[in-house]
Amino acid sequence: KLPTLALKTLRALLKFGTNGVLVSNDDLTIENSKYSGRRDKIIINFLRLLRSAKPPRVLFVRPFSGRIPLSWIGAMASWRTWAAHDELEIEYSVEVSPDSTWRESKIQKISADSSFAEISCALISAYLPASLVEGFEPIRRLVLVARPNRADYLYSSQSLWNHLEFKILAAEWCELGTKLHYHQHGGWYGLDDLHVGERFESRVSDLYYTWGWSRGGGSTRVLSPVIIPPRSHKKSCDSLICFDQPQQIYRLQYFPLSGTLQNMYDQVSEFVKIRTSKIDLKIRMFPGEYGDAQRQAIVAARPDAQFGNTGDIFDQYSVSRIVFHSYLGTSWLETLGTNTPTICFYDPDAYKFRPDAKSLIEALARVGILHTSGTSAAVQANKIDGNVQAWWLSADVQLARTNFTEKFANFSTDWKSQWQ
């Protein structure tokens, strides 16, 4: 909702000036509660019992996306003398009053002559979450009391973005000597010509782990992520993994946003319309609640389309004869990295690759893995439909895949020994 609210603020500023924007001074209650599912809660409690009485040398916080894999429980059991897992699910409730005077003073700095940068900075200050301004100090005290024992090393792969408690502890502990080890957690990293997340994460980390690439920094290391190896299941379907985004611009980065979203929807509908295979296609929509425009486009092209978002995505990979992807995100790297037959299509106007990735991208395109339209991807799917494995295991396809994954999806079932 924030981008919509910011747009309304800009319109009010244009119409009424700075006096037309007021900040609410109603009291706020900032609450934090546990969020894990039932299965993960049981596992987290079990991992808590495994912990040594001594403070761990290494504290792992959200080492992976999604559900906790069983292999991670085994790792924690064998590493329990020096490592521990902690989701930092710290419950608290803090009551604060908004500092409306301070926030309105930022808006008052905007004038008819203000630059875009000056307006942006003013609105960022005005819209800063109360948890980072009025509620920050009481939240900080509660977090430090809840986790008094400092670890020597702190690891995560996603907590710098949406986990306030982790960020507070990381800042406090690193001032006292803790080393922050951070891991790439998804796609786009290393591939994009400019990636905001990559720049931020690698800058604040003492050691930064990637899925294979390097920008030459001395603190960058290659380390396989925790992966769930595909199980040997009967291949009962093909899969299409879809992407979606809110219509509003919420960060400046190369991938489908705003105007290019419709191009992506059109490509997906073209793909499902042209694909002729008799094998069922299971379509997995993006979990974000961004409306049903993409679903409507798919149904218009293929009224009998089958949708399904339940279950772990790796389980879906394991029952799929081939996995199609409508974007260059995390999922296509997962299937390429685990050697699952993969075809991916994307809008070339929505991406810009770093120079040293272009030759590898072009090689994937030459062997039919990567396409710049849904039509092209569907034609390739129809061409290999009679024998997907023969195409996928051919020497040129495997060479292109291997060369690419060594740099951008260097996954290994031997991740545990690498990490240790």
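Anything mentioned here points back to the structure above.
Note that this is a predicted model, so its numbers are computed, not measured. (Residues numbered from 1 in each chain as written. Predicted model: local features only at pLDDT ≥ 70, side-chain atom pairs only at ≥ 80, totals over all residues. Heavy atoms only, no water.)

Participant: What should I look at first to understand the overall build of the protein in this one?
Facilitator: Scanning the protein from N- to C-terminus turns up 18 helices and 14 strands. Taken over C-alpha atoms, the radius of gyration comes to 24 Å for the protein, in line with the 22 Å a tight globule of 420 residues would show. Each principal axis of the C-alpha atoms in the protein carries an extent, and together these give about 70 × 60 × 40 Å. Out of the 420 residues in the protein, the part that is buried amounts to 48%. Summed over its atoms, the accessible surface of the protein is roughly 21,100 Å², and 53% of this surface lies on carbon and sulfur atoms. Charge-centre separation for the protein: the mean point of 48 positive side chains lies 5 Å from the mean point of 43 negative side chains. (Helix = DSSP H or I, 4+ residues; strand = E, 2+ residues; numbered from the N terminus. Rg over C-alpha atoms; globule rule 2.2 N^0.38 Å. Buried < 20%, exposed > 50% of the residue type's maximum accessible area, 1.4 Å probe, protein only. Areas by Shrake-Rupley, 256 points an atom, 1.4 Å probe, with all protein chains shown as cover. Lys, Arg positive; Asp, Glu negative; His and termini not counted. Charge placed at Lys NZ, Arg CZ, Asp CG, Glu CD.)

Participant: How do you make sense of helix α17 (residues 395-408) when you look at a structure like this?
Facilitator: One full turn of an α-helix is made of 3.6 residues, so residues set three or four places apart face in the same direction. Spanning 14 residues, α17 covers 20 Å between terminal C-alpha atoms, matching the ideal 20 Å at 1.5 Å per step. Within the span of α17, buried status applies to Val397, Gln398, Ala400, Arg401, Phe404, Thr405 and Phe408. Looking straight down α17, one finds its buried side chains confined to an arc of 160°; they lie on one side. In α17, the exposed positions that point more than 90 degrees away from the buried face belong to Ala395 and Leu399. (Expected span 1.5 Å × (residues − 1). Arc of directions from axis to C-beta.)

Participant: What is the right way to read the nonpolar core from this model?
Facilitator: Generally speaking, nonpolar side chains in soluble globular proteins are found buried as a group. Counting residues in hydrophobic clusters, the biggest one holds 103 residues, and the most contacted among them are Trp72, Leu240, Phe271, Trp332 and Phe404. With sequence-adjacent residues up to four places away left out, Trp72 is seen in contact with Leu47, Phe60, Pro63, Phe64, Trp79, His85, Val226, Trp415 and Trp419. In this structure, Leu13, Ile107, Ala122 and Ala126 belong to the second largest nonpolar core, which totals eight residues. (Core = buried A, V, L, I, M, F, W, Y, C linked by side-chain atoms within 4.5 Å. Contact = heavy atoms within 4.5 Å.)

Participant: Before we go on, may I ask you to explain the packing of aromatic side chains in this structure?
Facilitator: In this description, an aromatic ring pair is defined by two values, namely the gap between the centres and the angle between the planes. Evaluation of the coordinates by the stated rule reveals 26 aromatic pairs. Their ring planes at 40° and their centres at 5.2 Å tell us that Trp332 and Phe404 sit as a pair that is tilted. With Trp332 in helix α13 (residues 331-337) and Phe404 in helix α17, the pair connects residues that are 72 residues apart, well separated along the chain. In terms of burial, Trp332 and Phe404 fall into one category: buried. Between Trp391 and Trp392, the aromatic rings sit 5.5 Å apart at their centres with planes inclined by 55°, giving tilted as the arrangement. Judged on exposure class, the residue Trp391 and its partner Trp392 are both buried. One residue, Arg295, lies across the ring of Phe307, its end atom 4.2 Å from the ring centre. (Phe/Tyr/Trp six-rings, centres within 6.5 Å; stacked < 30°, edge-to-face > 60°. Lys NZ or Arg CZ within 6 Å of the ring centre and 35° of its normal.)

Participant: It is not clear to me how the environment of Ser114 should be interpreted in this structure. Could you clarify?
Facilitator: Among the secondary structure elements, Ser114 is positioned in the loop between α4 (100-107) and α5 (116-127). Take Ser114: its relative accessible area is 15%, and that puts it in the buried class. A sequence separation of 99 residues divides Ser114 from Lys15, and the C-alpha atoms of the two residues are 15 Å apart. In this structure, Ser114 is in contact with Lys109 and Ile119, ignoring residues within four places of it in sequence. In this structure the side chain of Ser114 is engaged in a polar contact, spanning 2.8 Å, whose partner is the backbone nitrogen of Ser111. (Polar contact = N/O pair within 3.5 Å; in protein donor to acceptor, adjacent residues only side chain to side chain.)

Participant: Would you mind showing me how to read the pattern of salt bridges here?
Facilitator: Oppositely charged side chains are able to pair whenever their charged atoms sit close together. If you walk through the whole model with that rule in mind, you get twelve salt bridges. Glu172 is the partner of Arg140 in a salt bridge, and the nearest nitrogen-oxygen pair spans 2.5 Å. Linking Arg140 in helix α6 (residues 136-146) with Glu172 in helix α8 (residues 164-175), this pair joins segments that are 32 residues apart in sequence. With a shortest N-O distance of 2.8 Å, Arg321 and Asp238 are connected by a salt bridge. (Salt bridge = Lys/Arg side-chain N within 4 Å of Asp/Glu carboxyl O.)

Participant: Can you walk me through the environment of Leu336 in this structure?
Facilitator: Counting through the fold element by element, Leu336 comes out in helix α13. Taking relative accessible area as the criterion, Leu336 reaches 0% and is therefore assigned buried. In this structure the C-alpha to C-alpha distance between Leu336 and Thr405, which are 69 residues apart in sequence, comes to 6.9 Å. Apart from the residues within four sequence positions on either side, Leu336 is in contact with Thr342, Ile369, Trp392, Arg401, Phe404 and Thr405.

Participant: What exactly am I supposed to notice about unusual backbone geometry here?
Facilitator: Negative phi characterises most residues that are not glycine, and trans characterises most peptide bonds. Backbone geometry places Leu88, a non-glycine residue, at a positive phi of 55°. Here Leu88 is to be found in the loop between β3 (83-85) and β4 (92-96). According to the relative accessible area criterion, Leu88 is buried, its value standing at 1%. One non-glycine residue, Trp188, lies in the positive phi region at around 75°. When you line up the elements, Trp188 lands in the loop between β6 (179-183) and α9 (196-204).

It is worth stressing that arrangement in space is one thing and function is another; only the former is reported here.
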